[in-house]
Amino acid sequence: MRAYLMSLAVAVPALLAACSNNAPTQPEGAAAPGLANPVGAAAVTAERLIADSDPGVWLTAGRNYHEDRFSPLDQISDSNVKNLGLAWYSDIDTERGQESTPVVVDGVLYLTTAWSMVKAYDITSGAKIWEYDPKIDRAKGADACCDVVNRGVAAWNGKIYVGTIDGRLIALNGRTGSVVWEKQTTDTSLPYTITGVPRIVKGKVVIGNGGAEYRVRGYVTAYDAETGEQVWRWYSVPGDPAQPFEQPELAEAAKTWNGEWWKLGGGGTIWDGMAYDPELDTLYVGTGNGTPWNQAIRSPGGGDNLYLSSIVALDPNTGGYKWHYQTTPAETWDYTATQPIMIADLNYPTGKRRVVMQAPKNGFFYVLDAKTGELLSAEKFAPLTWATHVDMKTGRPVEIPSARFDKTGIPVIVAPGALGMHNWHPMAFSPETGYVYLPVTHSNAAYAGPKEFKVNLQGWNTGTDFAGGSSLYSQPGAPPRGNVESYILAYDPIAGKEVFRIKNDVYGASGLLATSGNLIFSGNHKGEFVAYRADNGEKLWSAPTQARVVAAASTFLVNGQQHVAILVGARGLPEGQARTNPVSGNNSRILVFKAGGTAKLPEALEKSSEPLKVTIDPPLLTANNETVAEGEQGFRNNCATCHGGQAVAAAGSIGPDLRYSALLRDVAAWNGAVLEGNRAQRGMPGFKASLRPGESEAIQAYVIREANSEKARQEAAVAAASAGR
Ligand code: CA
């Protein structure tokens, strides 16, 4: 048994009962006051989901089947939000990115954390009822392109479902956290991961996966929610055409591919956005980028490469294909279309239309007819530079030819970069204002083809040279490098226009919640949780989070009073923020607010008043410049994802700062970790299969050079400080 009933949750009611002479005794399984179902019942049904008539609960990560993240609750409003205070909080015991939206049903708040762990809290007291750890082999972290995150649970018929970073789908008892069933949904010999939220449709659990930076083939699978038996699977890209196609439409799709794309899987992973429309009985899924990114390598000779970067409508009963819309034909920049998908009824001047909406990485906001897939609108929501516009007759983007580094062979700066103008961070739609609230990250990146493409069995296979175009940024007229600015955009999907924007002081995206109180709620990377007016973006209230926030909030009723919950914690701490959580380096926590809440976040664990000193002690650099240069390229290709660009593990990095590593002094120990995987259980796999002979030592030499640069910088700072004393 991997779930643990928390002694606190058991002990507190017993203690209260002992202290009170006439404490009411509650029979096992009885409903708590104000609840129709017993606490922990997780009694989510099709009727309950479709009716969407109880604003006091938050039944799915996206709140409802529409995934609009709009709450009809209005107790907390633009006129009284200033009275919000912290009701309770609970420390989270992991220090990676926390991306889940709390699901709240039948008196319990369920969330997931990094490493696919699940936690359940009593919404009244904040007491942890249970927690579940799927015990992920930490070496699996190397297969996660973008941290070992998880975006939340699904609740259904007494059970809580979670997809794990190692590709399992697990059903837990909603009341106890014990495992009901468990299913491996992926080939464990391939670098598949799951970070997305399971969706429950007609008694089936639907789950996709990720891994398109590596070498996998995308698909989505439906399992029987009660037994875990597979019901159907839909592949987003064709496999080897010498074999029978699993689905009839893949024969057509295969005509849009060239070469031997299936050998690296082709990509097209369905790792995040999905929505189900019960009226049309249609499931919408978003598909990811191609593998490798570079289309000239992936599909030499071109082709649209269906169904990469597409919104696809499926029959949820069979997985049968209904229609698709491809946002980025012949994708070559990592422009996934697996961002959140939302269903809405929009009131056009010509009448009401049921639509699906998505703002994928590529920077266009798409509105499609939910029934037919007809393109209704495709407008830029950020200053992208890969296409001028979408031709509404053909539905295709009109590309800017120079952006296609794969065709021209010339390195080029393109906006957005691979992280997109919008990534997974949830958007929200208020039917009351008519606006979609979208977290926008205006970024760019230099794209260049590789000198030579070699399959990497352990790492990324993007077919691009990340350093190849970096000199472009020093040329006259070049844009600022990388992250330009981030903001919350209020977007009118009918007019296809920006209404207003709220700029972030610190770059970074955070998920959104909209409510009927004329409010939107969002965290930020400065360390705040903020309420803004939904109709004009005015900042009305904020509370410190002591952590960066990337997840989206949810809202619900506790004994009739509206509460707002947000899971905080992302890579690194906000600037100037001290650590206050003894079990999480980035102060990961669940924070729950209500009017008049008086709970306080803790003070810093320790106050540092030590004088400035040199903290780094690398060995002398003995390698020559050629070796260091080779090591720099090797570092970029294999290490930078986790250990930071330029070997600086700043706030954004997953792994430790190698410049401080004791292994720099011991080449055998270094090779043991880098090549042999001696630290696999700490999340550092061996890279023997992907490094050339001597490359590990070259990477060490490069890190030693960078460490000595840092030592010189620190020595200068200490000298300046003592001179000023
Ligand atoms: Ca990708």
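Procedures and definitions
- For every chain, the first residue of the written sequence is number 1, and numbering continues from 1 along that sequence.
- Note on the predicted model: pLDDT of at least 70 is required for a residue's local features to be given, and 80 or more for side-chain atom pairs to be given and counted; whole-chain, interface and lining totals, by contrast, use all residues.
- Derived side-chain values reflect all non-hydrogen atoms in the structure, with water molecules and hydrogen atoms excluded from consideration.
- Between any two strands, at least two bridges found by DSSP are needed for them to pair.
- Helix numbering and strand numbering both begin at the N terminus, where a helix is a DSSP run of H or I of at least 4 residues and a strand a DSSP run of E of at least 2.
- Axis definition: a line fit to C-alpha positions, over the contact stretch in the case of helices; interaxial angles, taken between N-to-C directions, run 0 to 180 degrees.
- Classification of ring pairs uses Phe, Tyr and Trp, with its six-membered ring standing for Trp, and accepts pairs whose centres are within 6.5 Å; under 30 degrees between planes counts as stacked, over 60 as edge-to-face, and the remaining range as tilted.
- Each ring is checked for a lysine NZ or an arginine CZ that lies within 6 Å of its centre and within 35 degrees of its normal; such an atom marks a charge sitting over the ring.
- Only N, O and S atoms count as donors, using a 2.8 Å limit from the metal and a wider 3.2 Å limit for Na, K and Ca, and since water is excluded some coordination spheres may look unfilled.
- Polar contacts, as counted here, are pairs of nitrogen or oxygen atoms within 3.5 Å of one another; within protein the pair requires one atom able to donate a hydrogen and one able to accept it, and residues that are adjacent in sequence qualify only if both atoms are side-chain atoms.
- For every residue, the accessible area obtained with a 1.4 Å probe (protein chains only) is divided by the maximum for its type, and the residue is called buried under 20%, exposed over 50%, and partly exposed between those limits.
- Put simply, a salt bridge is a Lys or Arg side-chain nitrogen that is within 4 Å of an Asp or Glu carboxyl oxygen.
- Either an automatic procedure or a domain database provided the assignment from which the domain bounds are taken.
- Both site types are read off a 1 Å grid over the protein atoms alone. A 1.4 Å probe that fits but cannot get out defines a cavity, while an open set with protein on both sides within 12 Å along at least five of seven lines defines a pocket; lining residues have an atom within 4 Å of a point.
- Grid points are joined across faces, edges and corners, and a volume is the space filled by probe spheres set on the points.
- Residues were grouped as follows: Ala, Val, Leu, Ile, Met, Phe, Trp, Tyr, Cys and Pro as nonpolar; Asp, Glu, Lys and Arg as charged; and all remaining residues, including Gly, as polar.
- Expected span, for any helix, means 1.5 Å times one less than how many residues it has.
- In this description, the arc belongs to the directions extending from the helix axis to the C-beta atoms.
- Whether two residues are in contact is decided by their heavy atoms, any of which lying within 4.5 Å being enough.

**Some thoughts on the sheet that holds strand E13 (residues 204-207)**
The strand order across the open sheet built from 4 strands is E12-E13-E14-E15, with neighbouring strands paired in antiparallel fashion. Two strands bound the open sheet, and with one partner strand each, they are strand E12 (199-201) and strand E15 (230-235). Sheet twist, expressed as the average angle between the axes of neighbouring strands with direction ignored, equals 25 degrees. The pairing of strand E14 (residues 219-224) with E15 spans 5 bridges and is classified as antiparallel. Pairing of tyrosine 223 across the sheet is with glutamine 230, part of E15.

**Details of the sheet that holds strand E34 (residues 528-533)**
Reading across the sheet, the 5 strands line up as E2-E32-E33-E34-E35 and stay open at both edges, with mixed pairing between neighbours. Looking at strand neighbours, the two that pair on one side only are strand E2 (70-71) and strand E35 (539-544), the edges of this open sheet.

**What to know about the packing of aromatic side chains**
Each aromatic ring pair is summarised here by two numbers: the centre-to-centre distance and the angle between the ring planes. Tallied over the full model, the rule gives 30 aromatic pairs. Grouping aromatic residues by their ring pairs yields a cluster made of Tyr325, Trp333, Tyr335, Phe364, Tyr366 and Trp386. Taking NZ or CZ as reference, arginine 501 lies 4.0 Å from the ring centre of tyrosine 487, over its face.

**Quick look at the coordination of the calcium ion**
Protein-derived ligands of the calcium ion are Glu213 (OE), Glu213 (OE), Asn289 (OD1), Asp334 (OD) and Asp334 (OD), with the metal-ligand distances lying across 2.3 to 3.2 Å. All donors to the calcium ion come from one chain, and their sequence spacing reads E-x75-N-x44-D. Of the two residues, glutamate 213 sits in the loop between E13 and E14 while asparagine 289 sits in the loop between strand E17 (282-286) and helix H4 (295-298), which places them 76 residues apart along the sequence.

**Let's talk about the side chain of serine 309**
Checked against the element boundaries, serine 309 lands in the loop between H4 and strand E18 (310-314). In terms of polar contacts, serine 309 uses its side chain to reach the backbone carbonyl oxygen of tyrosine 335, at 2.8 Å.

**Some details on unusual backbone geometry**
With an omega of -15 degrees, the peptide bond between threonine 291 and proline 292 qualifies as cis. Summarising the element assignment, proline 292 is placed in the loop between E17 and H4. Phi at serine 116 takes a positive value of approximately 60 degrees, unusual for a residue other than glycine. Here serine 116 is to be found in the loop between strand E5 (108-112) and strand E6 (118-122). Note on serine 116: relative accessible area 0%, which makes it buried. Although it is not a glycine, aspartate 281 sits at a positive phi angle of roughly 45 degrees.

**Some words on the pattern of salt bridges**
Once their charged atoms are close, side chains differing in charge can pair, the charge on each being opposite to the other. A full pass over the atoms with the stated rule returns 46 salt bridges. With a closest N to O distance of 3.1 Å, glutamate 279 and arginine 354 form a salt bridge. One end of the pair, glutamate 279, is in the loop between strand E16 (274-277) and E17; the other, arginine 354, is in strand E21 (residues 351-358), and 75 residues separate them in sequence. A salt bridge links lysine 361 to aspartate 334; the nearest nitrogen and oxygen atoms lie 3.1 Å apart. A residue pair is termed long-range when its members are at least 10 positions apart, and lysine 361 in the loop between E21 and strand E22 (364-369) and aspartate 334 in the loop between strand E19 (321-326) and strand E20 (341-348) qualify at 27 residues. In terms of burial, lysine 361 and aspartate 334 fall into one category: buried.

**Section: the pairing of strand E25 (residues 396-399)**
Strand direction decides the pairing type here: strand E24 (residues 387-391) and E25, joined by 4 bridges, are antiparallel. Considered in E25, the bridge of histidine 389 is made with valine 398. Two successive antiparallel strands, E24 and E25, enclose a turn made up of 4 residues, where glycine 395 displays a positive phi of approximately 75 degrees.

**Remarks on the domain arrangement of the chain**
The domain boundaries assigned to the chain delineate domain 1 (188-423 + 436-454 + 461-492) and domain 2 (625-723). The C-alpha-based centres of domain 1 and domain 2 are spaced at 33 Å.

**Quick word on empty space enclosed by the protein**
Under the counting rule described, the total for this entry stands at 5 cavities of 30 Å³ or more. In this structure, the largest cavity spans a volume of roughly 170 Å³. In terms of lining, the largest cavity is formed by 17 residues, of which the most central are Arg69, Arg199, Asp272, Pro340 and Pro426. Classifying every residue of the lining of the largest cavity by side-chain character gives 8 nonpolar, 3 polar and 6 charged. Here the second largest cavity is characterised by a volume of approximately 120 Å³. Along the wall of the second largest cavity there are 15 residues; nearest its centre are Thr60, Glu67, Pro198, Arg199 and Ile200. Secondary structure elements with two or more residues in the lining of the second largest cavity: strand E8 (154-156) and E12. In the lining of the second largest cavity, the residues fall into 10 nonpolar, 3 polar and 2 charged.

**A few points about the pairing of strand E30 (residues 483-492)**
Bridge count between strand E28 (residues 436-443) and E30: 8 bridges; the pairing is antiparallel. Bridge pairing in E30 links threonine 441 to serine 486.

**As for helix H6 (residues 625-638)**
Helical geometry: 3.6 residues make up each α-helical turn, so side chains three or four residues apart lie on a common side. For H6, built from 14 residues, the straight-helix expectation of 20 Å at 1.5 Å per residue is met to within 8% by its first-to-last C-alpha distance of 20 Å. Looking at H6, one finds that the buried residues are Val628, Gly631, Gly634, Phe635 and Asn638. What you see down the axis of H6 is that its buried residues fit within an arc of 120 degrees, all on one side. Along H6, exposed side chains directed more than 90 degrees from the buried face belong to Asn625 and Glu626. Looking at the packing, one finds that the buried side of H6 touches helix H7 (640-643) and helix H9 (695-723).

**Digging into the environment of arginine 175**
Here arginine 175 shows up in the loop between strand E10 (168-173) and strand E11 (179-184). Classification of arginine 175 as partly exposed rests on a relative accessible area of 40%. Arginine 175 sits 78 residues away from glycine 97 along the chain, and the two C-alpha atoms are 26 Å apart.

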